[in-house]
Amino acid sequence: MKRLVAIGEALIDFIPNKKGQRLKDVESFRRVAGGAPANVAGAVAKLGGQATFLTALGQDAFGDYIIESLKESNIHTDAITRLQDYDTSLAFVSLADDGNRDFKFYRRTAADLQFSPENIPHDILNNAGFIHFCSVDLVESPMKQAHKKLIDMALQNNVYVSFDPNLRLSLWDDHEALKQTVNEFLPLAHVVKISDEELEFITGYTSIEEALPTLMQGNTEMVIYTKGKDGASLYRKDEHIFVEGNTVDVVDTTGAGDSFIGSFLYYILKEDTDLSTISSETLKSCLYHANAYAACTTTREGALASMANQEEFQTFLTTIK
């Protein structure tokens, strides 16, 4: 089974000890390791696949904790850079009673944005089947250039590219720049995952059917459209596959989308086949398991720590059938 290489931010999420409060009213938090691409790598690794993560962390206690958390999730950390003059990113999160979130990020001295093309090992794509990235670290920085280099390397080495924009509007002063950047990177990816909350901002359309011509350009072979409890759809040329959502007792939606695309990539990697020849039945199975894995993630608090291993996930599947 080939492995996943993810690139981007890893950070500390500070989760409130009490739900149902606005961020300004939260009095105490607990830390958990997170960051969307790190979470995606975590889903692959926890389910039993191989995942390597590329980022930079501060030479600080928070960076130490993230390294420990990644290793506990079986993510390979050998290619992570540590920087003395920059800090590990932090995010404070408030949780509404329905599990939805409000964020405040501390990233003005973010170490991850200093990860540069020169930090990418030349052999990073050995036995890789996919690379994966998101949009948070695509601001103008050395890290954006590192993304471009890794994507170029992937395309030259016949490694598939996966992109989940995972929009965080509060991290961009210029929302039009965010939109333009996302649309610059979309055609480079073979698999694009987009949520119902992101569709209009990125494409200008409220209907996925109307947006598909915009999304299915360049290298893109599959578009995955997620709608939370209302299920998920996968589109490829002249084909639409849909799976129903799952009703669960939601504790925390942090990392749900990351666990979805991470588990989807795990099951695709497990098939070890060409995206162009993979069967509709197999894709529907991958989509079903991804949707269920995301639902499972929402039943626990946190991001990376909330993701189930294979045994736990198989137990969860018996509860929703």
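Preceding this paragraph is the structure being described.
A quick note: this is a predicted structure, and the numbers were derived from the prediction, not measured.

### Description of the pairing of strand 9 (residues 128-133)
Here's step 1: When you tally the buried positions in strand 9, you get 6 out of 6 residues, the bulk of the element.
Here's step 2: With 4 bridges connecting them, strand 1 (residues 3-7) and strand 9 associate as parallel partners. Within the sheet, the bridge partner assigned to L4 lies in strand 9 and is F130.
Here's step 3: Once you follow strand 9 into helix 3 (residues 142-156) and on to strand 10 (residues 160-163), the crossover reads as right-handed.

### Quick look at the packing of helix 7 (residues 256-271) against helix 8 (residues 280-297)
Here's step 1: Axis separation between helix 7 and helix 8 bottoms out at 8 Å; the angle between their running directions is 145°. Between helix 7 and helix 8 lies a crossing of right-handed hand. Contacts from A256, S259, F260, S263, F264, Y267, I268 and E271 of helix 7 reach helix 8 at T282, L283, C286, L287, H289, A290, N291, Y293, A294 and T297.
Here's step 2: Considered class by class, the residues forming the contact of helix 7 with helix 8 number 11 nonpolar, 6 polar and 1 charged.

### Examining the nonpolar core
Here's step 1: Core analysis: the largest hydrophobic core is formed by 57 residues, its most contacted members being L4, F130, F264, L287 and F313.
Here's step 2: Among the elements that take part in this core, helix 8 stands out by supplying 9 residues, more than any other.
Here's step 3: With near-sequence residues (within four places) excluded, F130 lies in contact with R3, L4, V5, V159, Y160, V161, S162, V191, L265, I268, L269 and L275.
Here's step 4: Counting residues in hydrophobic clusters, the runner-up holds 44 residues, among them L54, A110, A111 and I131.

### Section: helix 6 (residues 208-215)
Here's step 1: Buried residues of helix 6: I208, A211, L212 and L215, and no others. Projected down its long axis, helix 6 carries its buried residues within an arc of 125°, all on one side.
Here's step 2: Buried-residue contacts for helix 6 involve strand 11 (191-195), helix 5 (199-203), strand 12 (222-226) and strand 13 (232-236).

The rules behind each value
- Residues numbered from 1 in each chain as written.
- Predicted model: local features only at pLDDT ≥ 70, side-chain atom pairs only at ≥ 80, totals over all residues.
- Heavy atoms only, no water.
- Buried < 20%, exposed > 50% of the residue type's maximum accessible area, 1.4 Å probe, protein only.
- Helix = DSSP H or I, 4+ residues; strand = E, 2+ residues; numbered from the N terminus.
- Pairing = 2+ DSSP bridges.
- Right-handed = clockwise from strand over helix to strand, strands pointing away.
- Axes fitted to C-alpha atoms, helices over the stretch in contact; angles between N-to-C directions.
- Left-handed = near helix turned anticlockwise from the far one by under 90°.
- Contact = heavy atoms within 4.5 Å.
- Nonpolar A, V, L, I, M, F, W, Y, C, P; charged D, E, K, R; others polar.
- Core = buried A, V, L, I, M, F, W, Y, C linked by side-chain atoms within 4.5 Å.
- Arc of directions from axis to C-beta.

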